[in-house]
Amino acid sequence: VRLSGSSSSSKKTPTKKKVEGNPIIVVPNAMTSCITMANAGFFFGKDAVFIPRQQALKRPDAGKRGGTIQVTHKLAPRLGGSEITYDIIDNPSTRLKKEEWSRVVAVIAQGASWQFKGWQYSDPVSLFSKAF
């Protein structure tokens, strides 16, 4: 509704560019990490249970290094109730293109900065301030 005498020069809210593809969760490629591709599907999946890496490796449904695990979660009704599928990957330096970094919504980190070597954002401060 436009009132007479109102200005049409109101500031427009900038719109974000729609990101295509599933949101991405990055897990460490290091075998010493608590969460790896072997057990990430159990941890982020429907049951949301932590299974130590060595136990997970013995299971036929364990994730594989260099692969992609997909987990689907249903949002709460107050958030729309829709389902979101996440892609879980390791080694993003070889797996992600520059434009795909905008899909990264979570990074599981061991704490050592060398873990980010070769990533688009190799400095942890840059990674956590720009990638999300």
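Here, every reference points to the structure presented above.
These remarks concern the structure in this document.

Rules of the game
Residues numbered from 1 in each chain as written. Predicted model: local features only at pLDDT ≥ 70, side-chain atom pairs only at ≥ 80, totals over all residues. Heavy atoms only, no water. Helix = DSSP H or I, 4+ residues; strand = E, 2+ residues; numbered from the N terminus. Buried < 20%, exposed > 50% of the residue type's maximum accessible area, 1.4 Å probe, protein only. Contact = heavy atoms within 4.5 Å. Areas by Shrake-Rupley, 256 points an atom, 1.4 Å probe, with all protein chains shown as cover. Pairing = 2+ DSSP bridges. Polar contact = N/O pair within 3.5 Å; in protein donor to acceptor, adjacent residues only side chain to side chain. Axes fitted to C-alpha atoms, helices over the stretch in contact; angles between N-to-C directions.

When helices and strands are tallied, the chain shows four helices and four strands. Counted from the first residue to the last, the chain has its helices and strands arranged as β-α-α-β-β-α-β-α. Across the 132 residues that make up the chain, the buried fraction comes to 30%. Sequence separation of 24 or more characterises 49% of the internal contacts of the chain that already satisfy a separation of 6 or more. Put simply, the chain shows about 9,300 Å² of open surface, and 54% of that area lies on carbon and sulfur atoms.

On to the pairing of strand β3 (residues 83–89). Examined bridge by bridge, strand β1 (residues 24–26) and β3 share three bridges and lie parallel to one another. What sits directly across from Ile25, in β3, is Ile88. Summarising the sheet, strand β2 (residues 69–74) and β3 pair through six bridges and their orientation is antiparallel. Note that in β3 the partner of Val71 across the bridge is Tyr86.

For the rest of this paragraph, the subject is the side chain of Asp87. Tracing the backbone shows Asp87 in strand β3. Residue classification places Asp87 among the buried positions, given a relative accessible area of 11%. A distance of 2.9 Å separates a polar atom in the side chain of Asp87 from a polar atom in the side chain of Gln70. Excluding its chain neighbours within four sequence positions, the residues that come into contact with Asp87 are Asn22, Pro23, Ile24, Ile25, Thr68, Ile69, Gln70 and Arg103.

We now examine the sheet that holds β3. Spatially, β2-β3-β1-β4 is the arrangement adopted by the four strands of the open sheet, whose pairing is mixed. Taken across any chain shown, the strands that pair with only one partner, and hence form the sheet edges, are β2 and β4 (104–107). Put simply, the sheet's adjacent strands are angled 30° from each other on average, direction ignored. The sheet contacts of helix α1 (residues 37–44) involve β1, β2 and β3, and relative to β2 the element is tilted by about 10°.

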